[in-house]
Amino acid sequence: MNSEDLLTVLAAVGHAQRLRVIAELARGRVHVSELARRLELSRPLLYMHLGRLEAANLVRGELELSEDGKAMKYYELMPFDLHLNTEAIVAALAED
């Protein structure tokens, strides 16, 4: 992982609400409205957090059409395994 990617991931997971999103998505793929209800967040605020997580490649959003033709946005957790140590943080900050 390059330094820019590492800083993006650290920023994404460095917020309690985004960690809650990750934990909820670990249970499985979910529609954004249902996710907002579960987390008790407004949809605009949730979309902001999801955008950060998506930029870090930790979650993925996908639009689907319902039977009545309505666009539905679903999110799922992407597989990741983050290994972090002091050297990685120092190197990432040095390159920033």
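Counting restarts for each chain, with residues numbered from 1 along the sequence as it is written. Thresholds applied to this predicted model are a pLDDT of at least 70 for local features of residues and 80 or more for the giving and counting of side-chain atom pairs; totals over whole chains, interfaces and linings are not thresholded and use all residues. Where side-chain values are given, they derive from all heavy atoms of the structure, hydrogens and water being excluded.

Points about the overall build of the protein
The helix and strand inventory of the protein stands at 5 helices and 3 strands. Scanning the protein from its N terminus toward the C terminus, one meets helices and strands in the order α-α-β-α-α-β-β-α. In terms of overall dimensions, the protein has C-alpha extents of about 50 × 25 × 20 Å along its principal axes. Here the protein holds 96 residues, and 28% of them are scored as buried. Residue pairs at least 24 apart in sequence account for 50% of intrachain contacts in the protein once pairs closer than 6 positions are excluded. Accessible surface, the protein: about 6200 Å² in total, of which carbon and sulfur atoms supply 51%. Two residue types count as positive, namely Lys and Arg, and two as negative, namely Asp and Glu; His and chain ends fall outside the count. A single reference atom marks each charge: NZ on Lys, CZ on Arg, CG on Asp, CD on Glu. Between the averaged position of the 11 positive side-chain charges in the protein and that of its 15 negative side-chain charges there is a distance of 9 Å. Put simply, DSSP H or I for four residues or longer makes a helix, DSSP E for two residues or longer makes a strand, and each gets a number counted from the N terminus. Relative accessible area decides the class of each residue, using a 1.4 Å probe on protein chains only: under 20% of the type maximum gives buried, over 50% gives exposed, and in between gives partly exposed. Here, two residues are considered to be in contact whenever any of their heavy atoms come within 4.5 Å of each other. Where accessible areas are quoted, they stem from the Shrake-Rupley method and a 1.4 Å probe; at the residue level, only the protein chains shown are allowed to cover.

Focus: helix H1 (residues 3-13)
What H1 keeps buried is the set Ser 3, Leu 6, Val 9 and Ala 12. Elements that come into contact with the buried residues of H1 comprise helix H2 (16-25), helix H4 (43-55) and helix H5 (86-95).

Here's the deal with the packing of aromatic side chains
Aromatic pairing here means that ring centres of Phe, Tyr or Trp (its six-membered ring) are within 6.5 Å. Orientation follows from the plane angle: under 30 degrees is stacked, over 60 is edge-to-face, and everything else is tilted. All chains considered together, the criterion is met by 0 aromatic pairs. Lysine and arginine charges are scored as sitting over a ring when NZ or CZ, respectively, is within 6 Å of the ring centre and within 35 degrees of the ring normal. For the cation-ring pair, Arg 29 lies above Tyr 74, with the distance from its terminal atom to the ring centre recorded as 4.2 Å.

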